[in-house]
Amino acid sequence: MTTLGLVLTSAKFYGGHCNDMTFDTNNNYIVLAHGQSEGKTLTLLNPEDLTVIKDISISVGSGAITYDEPRRNYAISQGGSTLYVADSSFKVLRSYTRTDKTGYTAQGMGSDTSYIYFPMSKTGVDNMLVTYDWYGKHIKDIRVNEPLESESMFSYNGRYYVCFYVGGSSKGAALYTVEPEREYIYIQNK
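A short tour of the structure in this document, coming up. (Residues numbered from 1 in each chain as written. Predicted model: local features only at pLDDT ≥ 70, side-chain atom pairs only at ≥ 80, totals over all residues. Heavy atoms only, no water.)

Things to note about the overall build of the chain
1) Next: Tallying secondary structure elements over the chain gives zero helices and 17 strands in all.
2) Next: On C-alpha atoms alone, the chain measures out to a radius of gyration of 16 Å, which is about the 16 Å that the 2.2 N^0.38 rule sets for 190 residues.
3) Next: Reported as C-alpha extents along the three principal axes, the dimensions of the chain are approximately 40 × 40 × 30 Å.
4) Next: By residue count, 44% of the 190 residues in the chain fall in the buried class.
5) Next: Sequence-distant contacts, at least 24 apart, represent 35% of the contacts inside the chain between residues at least 6 apart.
6) Next: Element-wise, carbon and sulfur atoms account for 49% of the exposed surface of the chain, whose accessible area totals about 10,100 Å².
7) Next: For the chain, the distance from the average position of its 17 positive side-chain charges to the average position of its 20 negative side-chain charges is 4 Å. (Helix = DSSP H or I, 4+ residues; strand = E, 2+ residues; numbered from the N terminus. Rg over C-alpha atoms; globule rule 2.2 N^0.38 Å. Buried < 20%, exposed > 50% of the residue type's maximum accessible area, 1.4 Å probe, protein only. Contact = heavy atoms within 4.5 Å. Areas by Shrake-Rupley, 256 points an atom, 1.4 Å probe, with all protein chains shown as cover. Lys, Arg positive; Asp, Glu negative; His and termini not counted. Charge placed at Lys NZ, Arg CZ, Asp CG, Glu CD.)

Here it is in structure tokens:
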């Protein structure tokens, strides 16, 4: 994470739309959410060599997924209407209806021990970090003044990162650090 340099490349594997992923530190695997029409399929990957451990089926759709180490819980969502909290075996413990009505497009998600963040985009305009607690309470929407399409978010060592899709001839991803503060976000250099 200090250099953000390439560490490993996987062999080709099937991951559906590869909509979002998270790292389960307690079980030591990467969890990839297929998303879209394959939302009930997750692929578990070995973090040491990025090989597929196995595909698993879950009971709810998942286009967005994040993991909280102290709770040993996953937060799962698809399409921006429901938030599920599941245990480490993906059994749904709680289900919440999302009350935010931003009109923005649902993407992946990220979390810390207090909050679940949904990066939502309105391509060419800006983005929102729609924030909930782990008990389904909508906390607030934080505007991100960036016109690129947000895709996912994660936190590492107290820093927050949002991955944006770069379209046009550049095609690819741009990773930015963000600092959630009050009602807006400071975007720092890649």
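A few points about the pattern of salt bridges
1) Next: Per the stated rule, a full pass over the model turns up three salt bridges.
2) Next: Between R71 and D68 there is a salt bridge, with its nearest N and O atoms 3.0 Å apart.
3) Next: Residue D100 pairs with R98 through a salt bridge whose shortest N-O separation is 3.0 Å. Each member of the pair, D100 as well as R98, is classed as buried. (Salt bridge = Lys/Arg side-chain N within 4 Å of Asp/Glu carboxyl O.)

A few points about the sheet that holds strand β7 (residues 82–86)
1) Next: Ordered by their spatial adjacency, four strands build an open sheet running β5-β6-β7-β8, and the pairing between neighbours is antiparallel. Unpaired on one side and paired on the other, β5 (64–68) and β8 (92–97) mark the two borders of the sheet. Going from strand to strand, the sheet's axes swing by 20° on average, the running direction of each strand aside.
2) Next: Alignment of β5 against strand β6 (residues 73–77), held across five bridges, turns out to be antiparallel. In the strand pairing of β6, T66 is matched with A75. (Pairing = 2+ DSSP bridges. Axes fitted to C-alpha atoms, helices over the stretch in contact; angles between N-to-C directions.)

Considering the nonpolar core
1) Next: Within the largest apolar cluster, 15 residues are counted, with the highest numbers of intra-cluster contacts made by V31, L42, I58, I65, Y74, I76 and F90.
2) Next: Sorting the residues of this core by element identifies β2 (29–33), β3 (41–45), β5, β6 and β7 as the ones contributing at least two each.
3) Next: A total of three residues in this core trace back to one element, the largest contributor, which is β2.
4) Next: L83, M109, M120 and Y132 belong to the second-largest nonpolar core, a separate cluster that totals 14 residues. (Core = buried A, V, L, I, M, F, W, Y, C linked by side-chain atoms within 4.5 Å.)

As for the pairing of strand β14 (residues 149–156)
1) Next: Sheet analysis places β14 next to strand β15 (residues 159–166), joined by seven bridges and oriented antiparallel. In the sheet register, F154 faces β15, and the bridge partner there is Y161.
2) Next: Between β14 and β15, which pair antiparallel and follow one another directly, the connecting turn spans two residues, one of which, N157, has a positive phi of 50°.

Description of the pairing of strand β1 (residues 20–24)
1) Next: Burial along β1 is one-sided: the face carrying D20, T22 and D24 is buried and the face carrying M21 and F23 is not.
2) Next: Strand direction decides the pairing type here: β1 and β2, joined by five bridges, are antiparallel. Looking at β2, one finds that F23 is bridged to I30.
3) Next: Connecting the antiparallel pair β1 and β2 is a turn made up of four residues, with N28 showing a positive phi of about 60°.

Limitation: the analysis is restricted to geometry and does not speak to function.
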